[in-house]
Amino acid sequence: MLMNNETLWDNFLDIICKKTNPVSFNTWFNNITLENVTDSKITIKVPYAMHKKVLSDNYYSLIEDAFMSLTGITYDIDFVLEEEINKDQNTEILNSNVEKEKKWESNLIESYTFDNFVVGDTNRFAKTAAVAVTEQPGKIYNPLFIYGKSGLGKTHLMHAIGNQIMRNTNLKVLYTTSDMFMNDFTGIAKSDGNNLEYANLFKEKYRNVDVLIIDDIQYLVGAEKTQQEFFHTFNALHQANKQIIISSDRSPDDLKKLEERLRSRFTWGLPVDIYPPDFDLRCRILKNKIKNLDIANLIEEDVIEYIANSCDNDVRYLEGAITRLCAYAAMTVPKKINMEFANEALKDYITKNIYNNGDIPSIQKAVSDYYNITIEELKSKKRSNKVAYPRMLAMYLARMLTDESFPRIGLEFGGRDHSTVIHACDKIEQDLKNNDQLKEVIKEIKNNITC
Ligand code: ADP
Ligand code: MG
């Protein structure tokens, strides 16, 4: 299909508009233009250097695909600035300025990025808001207030925002915690003779930024003077349209002991909460953390699920389990990391093992709920298909998830012989080898086991 450049560009924008959210589209696509099209290359003119970076890092394949779908050609895409078209050499000076600005001490931890933040239903909203803020710092959602329990990724997200903004712009980002802020502030009182100078330094540090990230604001509770100072810092930055990002272990409403005027300001922008990860997200986080480690190829799926099941409210804990597995693997150099290995490596760590001895009943309940049969039927002597397979599955899960012996499990299933249990476990293990659907069933049942 042949079309002129103008139509091509209009159609291209239509496609992109449909595939991006309005914030991204307005930020990155509204003010770019088609500069040139050759046989193999499309040149797009962009207004700022950050467009080059963001478009090529985040949207390249989207752009490439859109042109491909319109023309059937996979073009190389080039982004240029006006001054580059005019062969203006000013860019070098600009770049060296960028370098200079980046020396700014931001306190950011580079390894916390959006890329390695695994997203699921419980944190998707927070992540989306965080990304939106990086695309228009100070313009939307100010302040961004992220809250949720400890270990759910608030600090990670905040650093990711800061890192992303630093990468895309020259803005000055400062990460701090309310403790650090308080220490700096109380330093003013201690600095005796140099009080004024110190106070100026303090102001310079906290008000001369474009993006202020302040972690764990709940620790300002009880520190009235520091709260007042933070109030003024907040106002100064907010009035100047500087982005403020705050985290807390509870919602603004629940920060009861914080000054009312601060609390109300925290709700001016967008409060977003992060919930504890569900089972699926816990598994994906674990896999993501493992994928670049030596143990990646050794670890069996069961082990991931076992760890994911052992804790439902703290990602830090999941990381701790992986660290232990690695340490133990380094010492013992196993051929594979299976349940036996994991049990041994984590026996002191997983203290709250939810599948301990008392839990055969909860496994039975989850299985019978899933198959819509009663627990009595599960334990009965009936051999109809309707109950026989669920029974074998429940025995298998009891063996995998509790420390119980075969005879003990047999007893719990209507006084069956231990050889019946062994047979059931073998059968399910065999089936699992080529039945992916069964794996899904097991996953879902495990998910529903409560104790
Ligand atoms: P919080 O500040 O909410 O207490 P952190 O941001 O310190 O939690 O997270 C604890 C650990 O868990 C960090 O190492 C972080 O990288 C990791 N983590 C939390 N959520 C995720 C996630 N969704 N994907 C990847 N890692 C995560
Ligand atoms: Mg934190």
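Residues numbered from 1 in each chain as written. Chains lettered and ligands numbered in written order. Predicted model: local features only at pLDDT ≥ 70, side-chain atom pairs only at ≥ 80, totals over all residues. Heavy atoms only, no water.

Student: Please provide a residue-by-residue account of the overall build of the protein, values included.
Tutor: Assigned secondary structure in the protein consists of 22 helices and 8 strands. For the protein, whose C-alpha radius of gyration is 28 Å, the value lies well above the compact-globule estimate of 22 Å for 451 residues. In terms of overall dimensions, the protein has a C-alpha envelope of 85 × 75 × 45 Å along the principal axes. Counting the 451 residues in the protein, one finds 47% classified as buried. Counted over contacts in the protein with a minimum sequence separation of 6, partners at least 24 positions apart contribute 72%. Of the roughly 23400 Å² of accessible surface on the protein, a fraction of 49% belongs to carbon and sulfur atoms. Across the protein, the 55 positively charged side chains and the 65 negatively charged ones have centroids separated by 5 Å. (Helix = DSSP H or I, 4+ residues; strand = E, 2+ residues; numbered from the N terminus. Rg over C-alpha atoms; globule rule 2.2 N^0.38 Å. Buried < 20%, exposed > 50% of the residue type's maximum accessible area, 1.4 Å probe, protein only. Contact = heavy atoms within 4.5 Å. Areas by Shrake-Rupley, 256 points an atom, 1.4 Å probe, with all protein chains shown as cover. Lys, Arg positive; Asp, Glu negative; His and termini not counted. Charge placed at Lys NZ, Arg CZ, Asp CG, Glu CD.)

Student: Describe in detail the packing of aromatic side chains, supporting the description with residues and values.
Tutor: A full pass over the atoms with the stated rule returns 19 aromatic pairs. Ring centres 5.0 Å apart and planes at 75° place the aromatic pair tyrosine 370 and tyrosine 371 in the edge-to-face group. The ring of phenylalanine 231 has arginine 261 lying over it, and the distance from NZ or CZ to the ring centre is 3.7 Å. The ring of phenylalanine 406 carries the charged tip of arginine 399 above its face, separated from the ring centre by 4.1 Å. (Phe/Tyr/Trp six-rings, centres within 6.5 Å; stacked < 30°, edge-to-face > 60°. Lys NZ or Arg CZ within 6 Å of the ring centre and 35° of its normal.)

Student: Summarise the site of ligand 1; cite the residues concerned and give the values.
Tutor: Lining the immediate surroundings of ligand 1 are 18 residues, of which Gly151, Thr155, His156, Lys289 and Glu319 lie closest. In the complex, the protein chains occlude 94% of the 560 Å² of accessible area that ligand 1 would expose alone. Within the residue set of the shell around ligand 1, elements represented by two or more residues are helix H8 (154-168), helix H13 (279-290) and helix H15 (315-332). Classifying every residue of the shell around ligand 1 by side-chain character gives 6 nonpolar, 7 polar and 5 charged. Two domains each put at least three residues into the shell around ligand 1: domain 2 (124-273) and domain 3 (279-345). (Near = heavy atom within 4 Å. Nonpolar A, V, L, I, M, F, W, Y, C, P; charged D, E, K, R; others polar. Domains from an automatic or database assignment.)

Student: Just give me the short version of the sheet that holds strand E2 (residues 41-46), but keep the residues and values in it.
Tutor: In spatial order, the strands read E1-E2-E3; together these 3 strands make up an open sheet with mixed pairing. Sheet topology places strand E1 (33-37) and strand E3 (76-81) at the edges, where each strand pairs with a single neighbour. In this sheet, adjacent strand axes meet at a mean angle of 30° when their direction is disregarded. Sheet contacts for helix H1 (residues 5-19): E1 and E2; angle to E1, the most-contacted strand, approximately 130°. (Pairing = 2+ DSSP bridges. Axes fitted to C-alpha atoms, helices over the stretch in contact; angles between N-to-C directions.)

Student: Describe the nonpolar core, with residues and values.
Tutor: Counting 27 residues, the largest nonpolar core has Leu397, Phe413, Ile428 and Ile442 as the members making the most contacts within it. Sorting the residues of this core by element identifies helix H17 (360-371), helix H19 (385-401), helix H21 (418-433) and helix H22 (436-447) as the ones contributing at least two each. Sorting elements by how many residues they give to this core places H19 first, with 9 residues. Those residues within four positions of isoleucine 442 in sequence are excluded, and the remaining contacts are Leu393, Tyr396, Leu397, Ile428 and Leu432. Core analysis: the second largest hydrophobic core is formed by 26 residues, Leu286, Leu318, Ile322 and Leu325 among them. (Core = buried A, V, L, I, M, F, W, Y, C linked by side-chain atoms within 4.5 Å.)

Student: Which residues make up the sheet that holds strand E5 (residues 173-177), and what values do they have?
Tutor: Taken together, 5 strands build an open sheet; the order of strands is E5-E6-E7-E4-E8 and the sheet is parallel. Among the strands making up the open sheet, the edge pair consists of E5 and strand E8 (270-273). Between one strand and the next, the sheet's axes are offset by a mean angle of 15°, whatever the strand orientation. Relative to strand E6 (residues 211-215), E5 is paired through 5 bridges, and the arrangement is parallel.

Student: Explain H8 residue by residue, including any values.
Tutor: For H8, built from 15 residues, the straight-helix expectation of 21 Å at 1.5 Å per residue is met to within 8% by its first-to-last C-alpha distance of 21 Å. Of all 15 residues in H8, 13 are buried; the element is thus mostly enclosed. (Expected span 1.5 Å × (residues − 1).)

Student: Mind laying out the pattern of salt bridges, listing which residues take part and the relevant values?
Tutor: Tallied over the entire structure, the rule returns 22 salt bridges. Glutamate 305 is the partner of lysine 446 in a salt bridge, and the nearest nitrogen-oxygen pair spans 2.7 Å. Of this pair, lysine 446 sits in helix H22 while glutamate 305 sits in helix H14 (residues 301-310), and the two are 141 residues apart along the sequence. Residue lysine 446 shares its accessibility class with glutamate 305, and that shared class is buried. (Salt bridge = Lys/Arg side-chain N within 4 Å of Asp/Glu carboxyl O.)

Student: Got a sec to walk through the packing of H21 against H22? Specific residues and values, please.
Tutor: Relative placement of two packed helices is described by the angle separating their axes and the distance separating the axes. Where H21 contacts H22, the two axes come as close as 7 Å, and the packing angle between them is 120°. Comparing the axis directions of H21 and H22 gives the class oblique. Across from Ile428, Asp431 and Leu432 in H21, the residues of H22 making contact are Leu438, Lys439 and Ile442. Classifying every residue of the contact of H21 with H22 gives 4 nonpolar, no polar and 2 charged. (Parallel < 35°, antiparallel > 145°, perpendicular 65-115°, else oblique.)

Student: How would you summarise the environment of glutamate 429 if you had to cite specific residues and measurements?
Tutor: With respect to the helices and strands, glutamate 429 occurs in helix H21. Through-space distance from the C-alpha of glutamate 429 to that of asparagine 170 is 57 Å; in sequence the pair is 259 residues apart.

Student: Tell me about the domain arrangement of the protein, and please be specific about residues and values.
Tutor: Taken domain by domain, the protein consists of domain 1 (5-85), domain 2 (124-273), domain 3 (279-345) and domain 4 (360-447). The C-alpha-based centres of domain 1 and domain 4 are spaced at 56 Å.

Student: Provide a residue-level description of unusual backbone geometry, including the pertinent values.
Tutor: Note that the residue after asparagine 142, namely proline 143, is joined by a cis bond; omega there is 0°. Along the chain, proline 143 turns up in the loop between helix H7 (124-135) and strand E4 (144-147). Positive phi, close to 40°, is recorded for valine 333, a residue that is not glycine. Mapped onto the secondary structure, valine 333 falls in the loop between H15 and helix H16 (339-345). At asparagine 372, a position not held by glycine, the phi torsion is positive, near 60°. Relative to the assigned elements, asparagine 372 resides in the loop between H17 and helix H18 (375-379).

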